[in-house]
Structure formats: structure tokens, C-alpha cells
Amino acid sequence: MAGPPHAAGRIGRAEALCVLALSGAFVAQAVWAMAQQGATFDETAHLPAGYSYLATNDHRLNPEHPPLAKLIAALPLTALSGLRFSTAWPEWQAGEQFQLGARFLYVENSPTQLLFWGRVPIVLLTCLLGVTVWRWTRDLAGRAAGLSALGLFCFTPELLAHGALVTTDAPVSAFVFVAFYAAFRATRRLGPGAVVACGVAWGAALASKFSALIFSPILPLALLARAASAEPLTLVLPRRSERLLVDRPQRARALGAAAALSALLAWGTLWLAYGFDAGSSASATRGAGLSAELAHTFERVQSFGILPAAYVQGLASATASASVRYSFLLGRVSIHGFTYYFVITPLVKMPLPVLFLLTWGVGHALHGIRRGRPGYALLLVPAVVYYAASLNGRLNIGHRHLLPMYPFLFVLAGSAAAVLWKRKLKAALGLVLSAWLLVGTVAVAPNYLTYFNELGGGPRGGLSIVVDSNLDWGQGLPALKRWMDDARVSRIYLSYFGSAWPEAYGIDYVALPSFFPLQRPAASHIDLAQAQYIAISATNLQHVYLDGSAPKELSQFFDHLRTAREPEAIVGNSIYVYRLRKRGSEAPGQR
């Protein structure tokens, strides 16, 4: 994957200030967003699990995700005084991750304080990802390309949303990309620094999310493929002069050693994330619901003892849960996913200026490869392989699952965007695209998670396309509380999609059927003699997870509200509030 480095030169003061300004803008937007958002669905499990790993080195909670991202998020919590957590809690003894998470966040401690500090490391890690995008683009295509890529990164709502949450999507994206950037550097100047960075980042990615396994075969192949190039390779070793490897066998041996060392470091990093704990000898597939063939495979892998048992058991659990999951797309609900889910989501969730530049960037990369710049292949191949794997998967619950491929595409987009600044007419187009992106991002702030582009009709139009973590992931409770205070509404009927407790945000409510049963008994009908407003999470409004748990009459009433009534408010773009009929009147299907 060679190719001559672009003549970008040293980093000057003006360029450094631009990088700092753009990175600062990203952090400011992300911190504003995380201060406004309540707990998303997965955060109730992830942050307490991370804290429990630090406190006990026991990985019983949230096994379907490796521990590293959660450990990183939980680190600031260790500096907080008076934090209450106990292994004597029955929820811990039973390994009930959401029940323990709810107690840890919403009963024993302050969710606002814990989530804020837990999200800070994720914001910083995502910011580091943005800086790496800038650096790789700069190395490949120059200063203007690097700053263009960083600008796209820092104002893309999907990155602002998930880069400010205690979830695994942004961390795995960061670690995967850093590993590939280190491999890119190694194919230009092979030295211990690049090899170590590649291996550690590779292991960190594997220790953050199981989807990183998709990239694992590509990394060593990327290093080995460099040996086939006719261009000599510079070998840099400590306390020795640089050596030029001219012969292919020499390059193959050096790069093979680098790939092997990187793999060994990745393996060690994975074990380190699990605290070098071999884990339980329990069956990897017990209760997982896998086919006999898959179950046998996981049992064999665990028996070798090469990987932490908790990793193998978690991978088995994640594989089983991903095979059958509720998914919503264009008005339909499926438990087996949709083959075109990840065809639709980029078209409506990514800003159109970004989509235009990403498409142009892919074309630009293909042209570069044909002209003898195979360095572009190290960006294009991982993105294409990951996208193909995503299309083939059944886990269709959020566009966020495509996040790991976007840093690669941003490099390509920045390389293409740099062409715009070279001529006045094209520069005008570049300014239009930049302004378009900026206006769209500012318009949805701070509710970046709910962003839909013009094709998707904005957050309101997105309701009929995709929900769940694309629009409504449980984050809207603080916005609902602010609306209730402003509207002087003291109590509200609530059907909530999420894992947080409304009580923790000061909301007084009458519980309606929800994905997780709320802490109050759910009403089967709405008493219109008492009710004034009803609040329904967007995901519940589409019945994605409510089939069988909500009475038929109540489901019909939700349908009536969605199709025939204008909401009084859409708080946080994710919770629909409807004003009910006046006292004494009845809504359809209610009595």
C-alpha cells in the first residue's frame, strides 16, 4: 500500500490553529448535547458495567459487548466521592445488568452527574478520531484535504450524537481507524512505533466491540500486500541507521514480522482489557440459543483457552441476540431484519453535502488506484468489506452500526473536497456545501441523534422511516421535563421507550405500556376524566416493541394519534406529546 507521501510539509501555526478550532467546535457541540440528553437505552447497562469491572474485575454484566469502551467511560467515576455500589445488591448477584444499572444510576446516585462524567472520555476519544482523520488525509492529499476532512467530521450529526454517549460505536470506530492509520504509516516507514500503535489499537478495537472482528483479517493482509509493490521500503530500527529494503523477499520478511508482532500485541491488549482474567469455565453457549453447529464452534474455541472465556461467551451471546431482533423500516416491523436497511439509512441519516462528497471521494479513490496510488485501497477496502458485512447482517436497529466505516470515507471525501478549493467556480460549490452542512447541523442541535436530511424529511419525517437509535433511544426525558415545566403540566400519561427511570428526572406520570415496564403499574386505558396530555416515545408510536404488551384498544389509539392528530409538541424530536380531549369526552377506543 505504498505511494509517495504528499508534499504537505510541516504543520504551520495557521493550520494548527484551524485543527484546534475545529476540534474545539466538535467538543463544544458534543458537550452541549450530552448535557441536554438523558440516558440512552444502552447507557443504563454500559456505564454501571464499566464501573463494576473496575471495582471487581468481574465481567458478568453486559457480556454481549467487550469491556474496554465501558472501562474508559467509567474511569472518571472512580474520582467521585460518595458513589454507592455494592456486590451485595441482589441485582449484582443475579447478573441483571439493566436492573443493576437502574439502581446504580437512578436510585443510589445521580444520573446527571454520572452520565456527564462517563461521557467525557468518549467525547475526547472521538475528538482523537477526528484528529487522526485529519492527519491521514493530510498525509495522503495535503493540507487543504486534511482540514476539509476534519471539517466534515466535526459537523456531521451522527458523529456528534454517538461521540457523546457511553456506548461502543464511537470507541470501536476510533480504535479501528487508528490501527489502520498506523498500518498505513508502517507501509511507508516500517518502524517499531507504527507496529506497536497498530497492534495496541487493533487489540483495543477487539476489546471494545465484536464487530471489530470484521476488520481483523484485513490489517495483516494490508501490511503483507505492501511487499508486492515494486517500491523499496524504508526500515527504521532503534539505534540503527535507516535501511532500504529493495528485494521483495526482504520486504515480505520484515512486513510479515510486523504483522505477527501487531497480532501478538492485539492479543495481549485484549487480555489486558479483561484484566488477564481467564474467566468462568461455564459453557460458552449456555442459554445462548445458537444452532448446534455454531454452539460446537464456540465450545471448541473456549476450550483452547487462547482467548478470555468472557470474550468467547460474550461473542456467543451477541451472535445469538443479533440473529433475531425487532427492526423497523418504512412502516414495517421484522424480527429478521431487512436486506436494504443499510441502503436506506445512509440516504436519510447522512447530510446530503457529506453524501455528495463521500460519493465523489470513492470515485476519486478508484481513479487514484488506477493511476498507481494504492494507498487509497487501504481506505476503500476496509469500508467496503465492513459495509458488505453490515448489509448481510440481521441486526438492523440503527445507522450507528455503520459508524466504523465513515472515518475511512471522510478521508476520501476530504481528498476529493480539496479539489474544490483550487478553482474559483469549484470553490463556490465548496462554500455552498459547507454552509449547507453547517446550517443543517445547527438546526437540529443539540438533538444530533435525531438528525434526518432533506430526503428523510427531518426528524418529523424520520418517524415513518426508521426509529430506535436512529431517532428515539430513550434520550428525551430531560426535554420532556423541561416542556412540562414550561407548559405547567404536573402529571402526564407516558409510554416510554428506554431504560431510564422518569422519576429520576422529576417527571410525575401515569404509566402506559412501555418497552421496559416503568416503576409504576401500567394503565390499560386512559381515563379522560383525569388526563390532559399523553407523551409517547417515537419508537412506541410505531409499535416496534409493544406487540403483545399493549392492549389492542390502546394500540389503536396510538395509531389514531399518529395518523390523525397533530402533536401538541415533539420534545427533543423524539417524544410526541398530544393534548387529549376535554373532560367528559372519549378518544377512539378509550373509555
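Rules behind the numbers
Residues numbered from 1 in each chain as written. Predicted model: local features only at pLDDT ≥ 70, side-chain atom pairs only at ≥ 80, totals over all residues. Heavy atoms only, no water. Helix = DSSP H or I, 4+ residues; strand = E, 2+ residues; numbered from the N terminus. Expected span 1.5 Å × (residues − 1). Buried < 20%, exposed > 50% of the residue type's maximum accessible area, 1.4 Å probe, protein only. Axes fitted to C-alpha atoms, helices over the stretch in contact; angles between N-to-C directions. Parallel < 35°, antiparallel > 145°, perpendicular 65-115°, else oblique. Left-handed = near helix turned anticlockwise from the far one by under 90°. Contact = heavy atoms within 4.5 Å. Nonpolar A, V, L, I, M, F, W, Y, C, P; charged D, E, K, R; others polar. Polar contact = N/O pair within 3.5 Å; in protein donor to acceptor, adjacent residues only side chain to side chain. Pairing = 2+ DSSP bridges. Core = buried A, V, L, I, M, F, W, Y, C linked by side-chain atoms within 4.5 Å. Salt bridge = Lys/Arg side-chain N within 4 Å of Asp/Glu carboxyl O.

**Q** Quick rundown of helix H18 (residues 406–420)? Include the residues and the values.
**A** Every α-helix winds through 3.6 residues per turn, so residues three or four apart in the chain are directed the same way. In this model, H18 (15 residues) spans 21 Å end to end at C-alpha, consistent with the 21 Å of a helix rising 1.5 Å per residue. Counting buried residues in H18 gives 14 out of 15 residues, a clear majority hidden from the surface.

**Q** How would you sum up the packing of helix H6 (residues 111–141) against H18? Please name residues and give values.
**A** Where H6 contacts H18, the two axes come as close as 9 Å, and the packing angle between them is 45°. In terms of their interaxial angle, H6 and H18 are classed as oblique. Pair H6 / H18 crosses with right-handed handedness. Residues Leu 129, Val 133, Trp 136, Thr 137, Leu 140 and Ala 141 of H6 form the contact with H18, whose participating residues are Pro 407, Phe 408, Phe 410, Val 411, Gly 414 and Ser 415. Here the residues of the contact of H6 with H18 are counted per class, giving nine nonpolar, three polar and no charged.

**Q** Explain the environment of Thr 168 to me, and be specific about the residues and the numbers.
**A** Mapped onto the elements of the fold, Thr 168 is located in the loop between helix H8 (157–162) and helix H9 (169–186). Thr 168 sits 174 residues away from Phe 342 along the chain, and the two C-alpha atoms are 19 Å apart. In contact with Thr 168, other than residues within four places in its own chain, are His 46, His 65, Ala 69, Ser 208 and Lys 209. There is a polar contact of 2.9 Å between the side chain of Thr 168 and the side chain of Lys 209.

**Q** Break down unusual backbone geometry for me, with residues and values.
**A** Negative phi characterises most residues that are not glycine, and trans characterises most peptide bonds. Here the amide bond leading from Ala 445 into Pro 446 is cis, since omega sits at 0°, within 30 degrees of zero. Along the chain, Pro 446 falls in the loop between helix H19 (424–444) and helix H20 (458–462). With a phi angle near 50°, Asn 62 is a residue other than glycine that sits in the positive phi range. Along the chain, Asn 62 turns up in the loop between helix H2 (43–56) and helix H3 (68–74). Notably, His 543 is not glycine yet its phi reads approximately 60°, a positive angle. Mapped onto the secondary structure, His 543 falls in the loop between helix H22 (538–541) and helix H23 (552–564). Given a relative accessible area of 12%, His 543 falls into the buried group.

**Q** Can you explain helix H12 (residues 248–273)? Please cite residues and give values.
**A** Taking 1.5 Å of rise per residue, the 26 residues of H12 would be expected to cover 38 Å, and the 37 Å separating its terminal C-alpha atoms lies within 8% of that figure. Gly 275 sits one or two positions beyond H12 and adopts a positive phi of about 65°.

**Q** Could you give me a rundown of the pairing of strand S8 (residues 533–537), with the residues and numbers involved?
**A** Most of S8 is tucked away, with five of its five residues classed as buried. Residues Tyr 533, Ala 535 and Ser 537 point to one face of S8 and Ile 534 and Ile 536 to the other, with burial holding for every one of them. Bridging between S8 and strand S10 (residues 575–579) involves five bridges; their strand directions are antiparallel. Note that in S10 the partner of Ile 534 across the bridge is Tyr 578.

**Q** Can you tell me about the sheet that holds strand S1 (residues 189–190), naming the residues and giving the values?
**A** In space, the three strands of this open sheet follow the order S1-S2-S3, with mixed pairing throughout. A strand with exactly one partner marks an edge of an open sheet, and here the two such strands are S1 and strand S3 (243–245). Relative to S3, strand S2 (residues 233–235) runs antiparallel, the two sharing three bridges. Counterpart to Leu 233 in the pairing with S3 is Leu 245.

**Q** Could you give me a rundown of the nonpolar core, with the residues and numbers involved?
**A** Among the nonpolar cores identified, the biggest contains 144 residues, and Trp 136 and Ile 534 are the most heavily contacted of them. Examining the composition of this core, we find that twelve residues originate from one element, H9, more than from any other. The residues contacting Ile 534, other than those within four sequence positions of it, are Ile 492, Tyr 493, Leu 512, Ile 526, Phe 557, Phe 558, Leu 561, Tyr 576, Val 577, Tyr 578 and Leu 580. If you look at the next biggest cluster of nonpolar residues, it comprises 45 residues, including Phe 85, Tyr 106, Ile 122 and Ala 170.

**Q** Hey, could you go over the pattern of salt bridges for me, with residue numbers and the actual values?
**A** Applying the stated criterion to the full structure yields 17 salt bridges. Between Arg 60 and Asp 58 there is a salt bridge whose closest N-O contact spans 2.8 Å. Take Arg 60: its relative accessible area is 33%, and that puts it in the partly exposed class. Each of the salt bridges in this network shares a partner with another, and the network as a whole consists of Arg 84, Glu 91, Arg 103 and Glu 108.

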